Amino acid sequence: MRFSFASGQWNGTGPKAACFFRALVLVAWLAGSVPSALAVDWKPDQLLLGYGSSIPGFGDTTERVQAADFALRWDMPLRQCEWDAPAYWKPASHHLWMETTFHAILSDTDTADRQDIGLFTFAFLGAWVFPSMENGIEPYVFLGGGPVYVAADIEGVGADVCGHYQAGLGLKGLHWMGRSFELGLRYHHVSNLSLAEPNVSMNAVRIAIGFPL
């Protein structure tokens, strides 16, 4: 799929161009739906480095695709709870996390194509951060999804523009060698939303270490 500056039109496969346009509309709509009262600081809050692998036999997944993950996260607090208030049960603080990730392919069992680059994902994640424990560690859970661009030839993935959803958990406030970091584990599902054939989903498990910026 290419954009022709001469004609001002998309060239290539029609369905892929249509999927790409739908993804752009979805991202623009979600970005515009964020309340204007929430001042967005476009400086990332977190750098995440990780590893993930799809698991053959996990759902429809047939191929093992391993990748190194590089992500930036923007953290927008939506509801901050007063954890110091006396209460038997202290509710979690609610956050909107926006993450942009490059999944650099390390290996792919279905092909030896050296032109495989990886996947580019953007995610809107709802996160709930629970009150810190006595050691200062804060557990959290999250879920969400968004668009994916697949810059690779992965068998069964019938489109370049796909969608994904994910859910995970982790711990904030960990320390090592005087450095604060977080550790997270997530389930990651990628498919083309049945907009093209074939549509073999990739179900993966990913682990990431995050450092504040």
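Residues numbered from 1 in each chain as written. Predicted model: local features only at pLDDT ≥ 70, side-chain atom pairs only at ≥ 80, totals over all residues. Heavy atoms only, no water.

## Observations regarding the confidence of the model for the protein
Residues of the protein with pLDDT of at least 70 account for 74%, and the chain-wide mean is 81. Mean pLDDT in the protein bottoms out at strand β1 (residues 2-4), which sits at 39, and peaks at strand β3 (residues 46-54), which reaches 97. Confidence over residues 1-14 falls short of pLDDT 50; this stretch has 15 contacts with residues more than four positions distant or in other chains. In this model, residues 27-38 is a region of pLDDT below 50 whose contacts with residues beyond four sequence positions or in other chains number nine contacts. (pLDDT = per-residue confidence, 0-100. Helix = DSSP H or I, 4+ residues; strand = E, 2+ residues; numbered from the N terminus. Contact = heavy atoms within 4.5 Å.)

## Observations regarding the environment of Asp 60
Examined against the element boundaries, Asp 60 turns out to sit in the loop between β3 and β4 (65-79). Asp 60 sits in the exposed class, given a relative accessible area of 53%. Separated by 96 residues in the primary sequence, Asp 60 and Gly 156 have C-alpha atoms spaced 9.8 Å apart. The residues touching Asp 60, leaving out its near neighbours within four places in the chain, are Val 200, Ser 201 and Asn 203. (Buried < 20%, exposed > 50% of the residue type's maximum accessible area, 1.4 Å probe, protein only.)

## Here we look at the sheet that holds strand β6 (residues 118-129)
Within the closed barrel, the eight strands sit side by side as β3-β4-β5-β6-β7-β8-β9-β10. Their pairing is antiparallel. Strand-to-strand twist in this sheet, taken as the mean axis angle between neighbours without regard to direction, amounts to 25°. Summarising the sheet, β3 and β4 pair through eight bridges and their orientation is antiparallel. Opposite Gly 52, over in β4, you have Ala 67 as the bridge partner. (Pairing = 2+ DSSP bridges. Axes fitted to C-alpha atoms, helices over the stretch in contact; angles between N-to-C directions.)

## Some remarks on the side chain of Asn 203
Within the secondary structure, Asn 203 sits in strand β10 (residues 202-212). Here the side chain of Asn 203 touches Phe 58 through a polar contact of 2.9 Å, landing on its backbone oxygen. At a separation of 2.8 Å, a polar atom in the side chain of Asn 203 contacts the side chain of His 189. Those residues in contact with Asn 203 that sit more than four places away from it in its chain are Ser 53, Ser 54, Ile 55, Phe 58, Gly 59, Asp 60, Thr 61, Tyr 187, His 188 and His 189. (Polar contact = N/O pair within 3.5 Å; in protein donor to acceptor, adjacent residues only side chain to side chain.)

## Considering the pairing of strand β5 (residues 93-108)
Direction of pairing for β4 relative to β5: antiparallel, over a ladder of 14 bridges. Following the sheet pairing, Val 65 is matched in β5 by Asp 108. Pairing of β5 with β6 involves 12 bridges; the strand directions are antiparallel. Its bridge partner lying in β6, Phe 102 is registered against Phe 120.

## Considering unusual backbone geometry
The residue after Glu 197, namely Pro 198, is reached through a cis peptide bond having omega -5°. By secondary structure assignment, the location of Pro 198 is in the loop between β9 (179-191) and β10. Phi angles above zero are rare outside glycine, and Leu 193 is one such case at about 60°. Mapped onto the fold, Leu 193 is located in the loop between β9 and β10. Accessibility expressed as a relative area gives 54% for Leu 193, which makes it exposed. A positive phi angle, near 60°, is found at Ser 194, a position not held by glycine. Counting through the fold element by element, Ser 194 comes out in the loop between β9 and β10.

## Observations regarding the nonpolar core
One finds Ile 105, Leu 119, Val 150, Ile 154, Val 157, Cys 162 and Met 202 to be the most contacted residues of the largest nonpolar core, which totals 13 residues. Setting aside its immediate chain neighbours within four residues, Val 150 contacts Gly 118, Leu 119, Val 157, Ala 159, Asp 160 and Cys 162. Trp 97, Leu 125, Ala 127 and Val 129 belong to the second largest nonpolar core, which has seven residues in total. (Core = buried A, V, L, I, M, F, W, Y, C linked by side-chain atoms within 4.5 Å.)

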